[in-house]
8 protein chains.
Amino acid sequence: MNPKHYEDLGFAKVDHHRIKRKGFPEVIYCPGKTPAQIAKIAKSIYQKGHNVLATRADKKAYAAVKKVIKKAKYHKIAKIITAKHSNTATQQHSNIVTIITAGTADLPVAEESCVSAEFLGLNVERIYDVGVSGVHRLVKNLDKINKSRVVIVVAGMEGALPSVVGGLIDKPIIAVPTSVGYGANFKGLSALLSMLNTCAPGVAVVNIDNGFGAAVMAFTILRTI
Amino acid sequence: MNPKHYEDLGFAKVDHHRIKRKGFPEVIYCPGKTPAQIAKIAKSIYQKGHNVLATRADKKAYAAVKKVIKKAKYHKIAKIITAKHSNTATQQHSNIVTIITAGTADLPVAEESCVSAEFLGLNVERIYDVGVSGVHRLVKNLDKINKSRVVIVVAGMEGALPSVVGGLIDKPIIAVPTSVGYGANFKGLSALLSMLNTCAPGVAVVNIDNGFGAAVMAFTILRTI
Amino acid sequence: MNPKHYEDLGFAKVDHHRIKRKGFPEVIYCPGKTPAQIAKIAKSIYQKGHNVLATRADKKAYAAVKKVIKKAKYHKIAKIITAKHSNTATQQHSNIVTIITAGTADLPVAEESCVSAEFLGLNVERIYDVGVSGVHRLVKNLDKINKSRVVIVVAGMEGALPSVVGGLIDKPIIAVPTSVGYGANFKGLSALLSMLNTCAPGVAVVNIDNGFGAAVMAFTILRTI
Amino acid sequence: MNPKHYEDLGFAKVDHHRIKRKGFPEVIYCPGKTPAQIAKIAKSIYQKGHNVLATRADKKAYAAVKKVIKKAKYHKIAKIITAKHSNTATQQHSNIVTIITAGTADLPVAEESCVSAEFLGLNVERIYDVGVSGVHRLVKNLDKINKSRVVIVVAGMEGALPSVVGGLIDKPIIAVPTSVGYGANFKGLSALLSMLNTCAPGVAVVNIDNGFGAAVMAFTILRTI
Amino acid sequence: MNPKHYEDLGFAKVDHHRIKRKGFPEVIYCPGKTPAQIAKIAKSIYQKGHNVLATRADKKAYAAVKKVIKKAKYHKIAKIITAKHSNTATQQHSNIVTIITAGTADLPVAEESCVSAEFLGLNVERIYDVGVSGVHRLVKNLDKINKSRVVIVVAGMEGALPSVVGGLIDKPIIAVPTSVGYGANFKGLSALLSMLNTCAPGVAVVNIDNGFGAAVMAFTILRTI
Amino acid sequence: MNPKHYEDLGFAKVDHHRIKRKGFPEVIYCPGKTPAQIAKIAKSIYQKGHNVLATRADKKAYAAVKKVIKKAKYHKIAKIITAKHSNTATQQHSNIVTIITAGTADLPVAEESCVSAEFLGLNVERIYDVGVSGVHRLVKNLDKINKSRVVIVVAGMEGALPSVVGGLIDKPIIAVPTSVGYGANFKGLSALLSMLNTCAPGVAVVNIDNGFGAAVMAFTILRTI
Amino acid sequence: MNPKHYEDLGFAKVDHHRIKRKGFPEVIYCPGKTPAQIAKIAKSIYQKGHNVLATRADKKAYAAVKKVIKKAKYHKIAKIITAKHSNTATQQHSNIVTIITAGTADLPVAEESCVSAEFLGLNVERIYDVGVSGVHRLVKNLDKINKSRVVIVVAGMEGALPSVVGGLIDKPIIAVPTSVGYGANFKGLSALLSMLNTCAPGVAVVNIDNGFGAAVMAFTILRTI
Amino acid sequence: MNPKHYEDLGFAKVDHHRIKRKGFPEVIYCPGKTPAQIAKIAKSIYQKGHNVLATRADKKAYAAVKKVIKKAKYHKIAKIITAKHSNTATQQHSNIVTIITAGTADLPVAEESCVSAEFLGLNVERIYDVGVSGVHRLVKNLDKINKSRVVIVVAGMEGALPSVVGGLIDKPIIAVPTSVGYGANFKGLSALLSMLNTCAPGVAVVNIDNGFGAAVMAFTILRTI
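This is a predicted model, so every value here is computed, not measured.

1. A short note on helix α3 (residues 59-68) of chain C
All names here are of chain C.
- For α3, every residue scored as buried is listed here: A61, A64 and V65. Summarising the axial view, the buried residues of α3 lie within an arc of 95°, below the 170-degree limit, and thus occupy one face. Seen from the buried face of α3, the exposed residues on the opposite side, beyond 90 degrees, are K59, K60 and K67.
- Looking at the packing, one finds that the buried side of α3 touches α2 (35-47) and β6 (80-83).

This is how it looks when you write it as C-alpha cells:
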C-alpha cells in the first residue's frame, strides 16, 4: 500500500484513499473532536481536492471550519457542515430516494439523511409526518413513494412505520430508528427493536438516529446502477 | 373481615370473596402448582358453587381436575381448564369484544383470551392473521371491528398492529404483546416496548402472552355498562 | 380519501380528520418540535375550529402559541397548553374518572392526566398520596373510588399501588408507571414491570410518565357508554 | 492461620472454621457439583462433627449422600438434604420467624427458607398465599405476623407484598423475589426491582429465589439476642 | 380492495396479493404453527399457482407439506421447505449476491439466506469462514467479492466482519448477526450491536439469525435494476 | 380507621399514624417535591409533635423548611434536613451500628445512612475507605466491627466489600450498593448485582445509594431487642 | 499472501498460517459444527503436522475425531479434545501460571483453562475453592500464588475474588467470570460486571466461561519472555 | 499488620503499603471526592516520598493539589494530575507499550492510558486513528506494532479493532472499549461486548473508558521481566 493514501495529523490519519474504495471521501464525525481538530481534518480533505462533509457539528465546529474553508456552509437542522469545490459538478442521480418521517420530531435525523444524500449527489424527495396514527397521510403519498428507487423511513416511539410501508411497496427500505419518545422508549431502543423485528420483507436497519448512515446505504445501493 | 371469606388449604388460601369484589371467582394460574394442588383449589372453588377457570394448564393438571370435577373441560390451544355449574346461566353480554391477531403463531395467546372472555360471559368475535405486512386484510375487516365495544389486539415480533388499529378506530384497545419471534425480539420485549410506546391514542398494554389478563380487562370495562 | 383530511405544513401534516376517527382532535406532543412549529400546528388546528391540547410544553412553546391564539392557557404542573373555542360547549360526562397517586412526586404525571381528561370532557376526581406504605390512606378513600367508572393509578418506585387497588375494586384500572425514584428504579422500569406483572385482574398499563395516554384510554372507555 | 481450618479435597477446600466465624457450618450449594463431589464434601463436614445442609439438591445428590451418611434426609419441595448428629441438641430460639408467600407457586422457595431456618434452630411460622390481590387474607393474619421477631416475605410477579407488609408492621422484613411469573417478569427481575424500590421502610432484599439466604439473614439477626 | 386478495383459513389469511405488491408470494414462517396449519397454508399458496417457501421448518412440518405437495423439497441445513411449479421458469439474475460467513458455525443462517435467495431467482456465491481472526482468508477472496452486486455478511461473536468488509468494498452490505457464541454474546446481542454501530459506511442490519430477511433485502435491491 | 391518622394537604396525605406502626414518624423524600410542598409537609409533621427528617434535600428545600421550623438543621454531605423537638430525649441505643465504606466517594451515601441512623437514636460508628484493594485496612478494623450489633457496608464499583466482610464476621450485614464508578458500572448495577449474588451468608441488600433505607433496616433490627 | 496459508474445506477455511502469526495452530471451537465437520478440520490441522485442540467438545465430536486421529484424547471435565504429534517435544515454560477458582462449581471453566494452557506448553498450578466467604483458604495459598508469573482467577456469583487477589499480589491477573450462580446472576453478568469494575489494579477480563481465552492470554504474555 | 501501613484521614485511609504490594503507590480516582479531599490525599502520598497520580481530575482538583504540591502538573486531554519527586529517577523500561486508537474521539481515553503508563515508567508509542474503516492505515503501522511487547487497543462504536489487531500479531492485547458513539452504542456497551466476544486469541478487556486500568495491566505484565 501507498503511504500517500492517508495524511497523518498525529491525532488523526486522514484517509485520502477512501474515495477510491467507497466512491466518496472520508466524512468527519464531529463528537469527541475539538473544533481545531475538525478544522484541520476538513482542511486536509479539502486541500486534497475532495469535498467536505462533517456530521453532528455544532456552531463552534462550523466557526473553526469556516476560518480555513471559505466555502463551508452550515445546515442547522441537520447539524452538518459541507464544503464543495466549485469545479465538482456532482453527477445528479435520476433515481429518487424518498425520505419519510413518522413525525415532526424526527426532522433533525431525517435532515441529516437528506443533506448527506444530496451531498452524495442523490435526488432526494421529502415526505414528513405520515406516522401510523393517521395512516391516510401515508396512503395519500403512496404514488410519490412508488416513484422512488430506495426509501428511507425515519421513526421514533414504537417505530411501526417501516413495517407498514414495507407491507405496501416493493422498494428496498432503510429503516432509521430515532430516540424520539420517552419512558419505555429507552432512547430509541423501542423503535430499534421494532424495526429489527419487522415482519415486512425488504427492510434493513441502521443505528439509532443515524440519518447519515441511511443516506450512504442508499448511495451505495444506487451508485452502480 | 369474615374468616369465611377464604378457605385455607395450607399451601393456598382460596379467595371465595373475590366474586363479590371483582365480579368473578378466583382463577387458578397453574404454573408452579402441582396437579394435586390445582385439583384441590379447583374443588374448593367448585364446591362453593363457583365456576372454575384454570389457565396455563397442561394435560396432567386437567387429568387431576377431571377426577374431582366431572364437568371439567380442557381447551387445548388455550391451555385452559373450565368447569361450569349447569345452573349458572351465564348472562351473555350483547357488547362484542373483538380479538385480533397479527399472525397465526399468536393463536395460543389469543385463544387464552377468547376462552377466558367467553367464560366471563363476553360475546367474542375472532379476527386472526391480519398483521401489517398485508394491511388490506385488516382494512377488509374494519367494519366488523367497528361493531365491537372493546378490541383486544394480539401481536408478536414488532408489535405494530395495535398502533395501526388504534389509528383507525375509536374503541378502547387492549394490546397483548406475544413472545412470538426470534433474535432481537428478546422473548416479547420488542412487541411490549412497541405497544407501550404507541403514538396511537386509546391503547393500554398487559403483560407478554397475557391473553387472560386482556380478557379480564375487557370484562371489567364492559361489566357495568 | 380526501386531501382535505390533513393540512400539509411541510414539517407536519396536521390530521384534521382525527376528530372523526377518534372523537378528539390531533394533540401536539411538544418535545423535538421548535416553538415556531408548535405554534403553527396549534394555529392550524384552532383555525379549523378544533380545540388545542399540547403536552410536555415548556414556557417558550406557550409564549409562541399565546402569540397566535389569544385564548391559550398554560397548566404549569401538567406542562400542558390548552386553547378552547368559546362556542365548544364540552359535553360533561357524568361518569367519574378517579386519578390516584402513590406519592406527591407523582403529581406532574397525574396532573398531565387530569388536565387532559378535563380537556376531553371527563369528570375528574383527584386522590393523591395514598401509597402502600400507609395503606389506611387508601382504605379511607375506597368509597370515593368505588363511585368512579374508571380509575387511573399513578405510581413510581415499586409501582405496587395498582395491584393493591386492583385487589379491592372492580373498576377498570389504567396503571401509569412514573420515573419517580432512583437507583434500581432505572427511570421507571421498576414500576413499569411491576404493573405489567400485576396479579390483580382488571389492570392495563401505559408508557412510563404517560399521563396523557391514560386520560385518552379512560376517555375511549367512557365515550360510547 | 491454622492449616486445620479447612480440609483440602482438591476440587474443594471444606471450610471447617466457618462454624466459629459464622455460627453455623459450611453449607453445600449443589448446582455445578457432581453427586460424588457433594457426597465427599458432606462426609468431610459430617465426620468433623458438624451437621450437613445441602441446598438445590436433586435426587441423585441425595442418593450419593445417603450412601455415606445414613442419617441424611431429603426435603423434597425445598430440594434440601440435611444430616444432623443425634447428639446435637439444637437450641431452639423462642423468637419466631414468620415466612409469608404471596402465592402457592412460591412454595419451593419458601420451603427452602423454612427448612434452612429450622436447620439453624429457628422457630418457624408459615403463612402461605396471602398476596395483594386478596389483601384480606393478609390482614386476617396480621396478629400472628406481629408476634414474630423477623419476617421473610416471598413473592414473584410484581413482588408488591413486602411493600404492603412493610407498611403495616414494625419488624425487619427480608424480601425474597421469586422467578414465579412470565413475560415481562424476566425470571424474577420484576419482583427483584419492586422489592429494591420499596417505599416501605425496614425491608432488605436477597437474591432471586434465595430462600436459604433469607433464612441465614434471619438467623444472623436473631442469634445474639 | 378485492376479497379475492386473500384466502381465509380461519387460523390464517393467506395473502395471495403479496406477489403483486412485493414481487414474490407470501412466505411461511413455521415456528408457532402446527404441521397441519403449515401444510394448509402451503397448499393454499401452491394451488394459487405460486411457489412455496417455508422457513425454520422442522422435519414434521416437511412431512405434512410433502403429503399435500409432491414436489416439496427439504433443505436440511437451511431448515427450509421449497415447492416450485415446474412451469415457473425462474428468471435468473445476472447480478451476483455474495454470502460471506465469519465462521463455520454461522452456516445454518447463511444457508437460510442462500436457499431463500436462490428461491427468489438470485445468483448466489458462497464464501464461508473468512472471519477477522485470519483476515488473509478474506483478502484472498476480495476480487470475487468485488464481482458481486450486493454482499450479505453473516457473523456471530463480536460481529466485526461487516465493518472490515465495509472498509474494503463499495457494494451495499447487508449484515446478519448470528446467535453463535456464548457468555457476554447474550444470544446475538453482541454481534447485533457491533453491526449497528459499525463505522464502515454502506452497511445495514437485519434481525439476529435472519438469513431469510437478508436474502429478501438483496432481492429487493436487485429486482428493478 | 381514624380520620385523624393523616392530614390531607391536597398534594400529600401526611401519615401521622406511622410513628405508631413503624416506631418513627413519616420521613420526607424530597426529589419531585417543590420546596413549598416540603416545607408544608415538614410543618405538618413538626406541629404534630414529631421530629422531621427530610432526605435528598437541596439548599432550596432547606431554606423553605428553615422558614417554618427554626430548629431545622442541614447536613450538607448527607443532603438531609432534620428538626428535632427539644423535649424529645432520644433514647440512645447501646448497640452499635457500624457503617463501613469501600472508598471516599461513597461518603455521601454513607453519611445519609449515619445521619438517618443517629436521628433514629442509633449509636453509630464510622469506618471509611477500607475497600478490598487494600484489605489490610479492613482487617485492622475487625475488632471494632465485631463490637457492633449490625453492620452497614457501602460500596460502589464491583461492590465486593460486603462479601469479604460477610466472610469474616457473624453480624447481620446490610449492603448498600452505590452508583460510584463508571462505564460497565451502569450507575450502580454492577455493585447491586454483586451484593445480591454474594456467596457470604448473612447479607441483605437495599436499593442503590439508599443510605436511608439501610439505616431504617438497622433501626428495625435493633429496636425491640 | 500465499494460497497455501489456508486449506479450503468449503464449510471452513483452515488457517494453517496461524501458528506463524500467533505461535500456536488454529483451535477448533466446536459448538455449531457437526462432528463430521470437526473431524475434517482436526484432520486437516493434524496432517499439516500441527497439534489439535478442540474446545467445548461433546462425546460425539470426540468419537468422530478419534476415528481420523488415533492419538486423540478427551478431557472430560474440560470438554476438550487434544491430539499431539509424538515428535512435538513441547517446550515447557519454567514460569508458572496459577489457576484459582472461587468454588467447586467453577471447575469445568478452570479445567478448560488448565488443559488449554498445558497444551500450549505452560506450567500450570491449580488452587481450587478459595472464594471470599472463607478468605483464610486464599491467604494460606498466597506464597504459592506469588511464585507464579501470571494468575488466572475463575469465579461466578458476585465475582469478587479477582479484586481480593488483585489487592494482595503484583502479578498480572486474568479474570474469568463464570455463569455459576442463579437469579440476579443473569448467567454470569454479575461476575462479569464485578470484574470489569474492579478497583484492584492489574486485572483484565475475558468472556464469561472463557477458560480457553484466559489460557491463551497467559500464553501470549509468557511466550516471548 | 503494621498500623503505619496506611494513614487515616477520616474520609480516607491512604494505603502507603501499596507500593510494596503492587509496585506503585496508591492512585487517586477523583470523581466523588472534593478538591479539598483530593489535595489532602495527594499531600499524604507525596509527603511519604511517593509520586502522585490523580485520574479523572478537573481543573478545580488541580488547583487544590497545586496549592499543596508545587511540582504538580496537569495533563489536560488525559485529565490527570501528576507530581513526581525530583529524586525519583524513574527506571525506564526498554520494552515498548504501543497504544492504538480506532479514531480521534478515543484520544482522551488513550491519553489517560499513555500518561499513566509513562508515570509508571513505561516506554510508550502512540498510533492513533487506524480504525477498521480504513484498514490500510493499520497495516502500514504493523511493523511498528510488532516491535512492542504489549499492545493497548482503544476503540469505541463497534469495537472491532482489537479483533483485527489480534488476528495479525502475537503480543498480548489489552482492549479498552470507549463510550465514543451514539444510539445502540449504549455508552460503550457495544464496544465492550465486541471485545469480550472477540474470536481473536490473546485479548483481555478492561472497563469502558478505563485507560488507566489498561496502563496498569501493561505495567504489571512488564514489571518483572
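2. Considerations on the environment of V165 of chain H
All names here are of chain H.
- With respect to the helices, strands and loops of the structure, V165 is situated in helix α7 (residues 161-168).
- Taking the C-alpha atoms as reference, V165 lies 9.3 Å from V151; in sequence the two are 14 residues apart.
- With residues near it in sequence (within four places) discarded, V165 still touches L138, V153 and I173.

3. A look at the side chain of N197 of chain G
- With respect to the secondary-structure elements, N197 of chain G resides in the loop between α8 (189-196) and β11 (203-205).
- There is a polar contact of 3.0 Å between the side chain of N197 of chain G and the backbone oxygen of A184 of chain F.

4. A word on the packing of helix α8 (residues 189-196) of chain C against helix α8 (residues 189-196) of chain D
- The geometry of α8 of chain C relative to α8 of chain D is characterised by a closest axis approach of 8 Å and an angle of 125° between their N-to-C directions. On the basis of the axis angle, α8 of chain C is oblique to α8 of chain D. Relative to α8 of chain D, the crossing made by α8 of chain C is left-handed. Residues L189, S190, L193 and S194 of chain C of α8 of chain C pack against L189, S190, L193 and S194 of chain D of α8 of chain D.
- Across the contact of α8 of chain C with α8 of chain D, the residue classes break down as 4 nonpolar, 4 polar and no charged.

5. With respect to the relation of the copies chain D and chain G
- Mapping chain D onto chain G calls for a rotation angle of 90° and an axial translation of 0.0 Å; the resulting RMSD is 0.0 Å. Expressed as a symmetry operation, the mapping of one chain copy onto the other fits a four-fold axis. Closest approach to the rotation axis within chain D is made by the C-alpha atom of F186 of chain D, at a distance of 7.2 Å.
- The overlap is low: 7% of the interface residues of chain D also sit at the interface in chain G, so different surfaces are used on the two sides.

Cut-offs applied
Residues numbered from 1 in each chain as written. Chains lettered and ligands numbered in written order. Predicted model: local features only at pLDDT ≥ 70, side-chain atom pairs only at ≥ 80, totals over all residues. Heavy atoms only, no water. Buried < 20%, exposed > 50% of the residue type's maximum accessible area, 1.4 Å probe, protein only. Helix = DSSP H or I, 4+ residues; strand = E, 2+ residues; numbered from the N terminus. Arc of directions from axis to C-beta. Contact = heavy atoms within 4.5 Å. Polar contact = N/O pair within 3.5 Å; in protein donor to acceptor, adjacent residues only side chain to side chain. Axes fitted to C-alpha atoms, helices over the stretch in contact; angles between N-to-C directions. Parallel < 35°, antiparallel > 145°, perpendicular 65-115°, else oblique. Left-handed = near helix turned anticlockwise from the far one by under 90°. Nonpolar A, V, L, I, M, F, W, Y, C, P; charged D, E, K, R; others polar. Least-squares fit on C-alpha atoms with pLDDT ≥ 70 in both.

Purely geometric stuff here, so don't read any function into it on its own.
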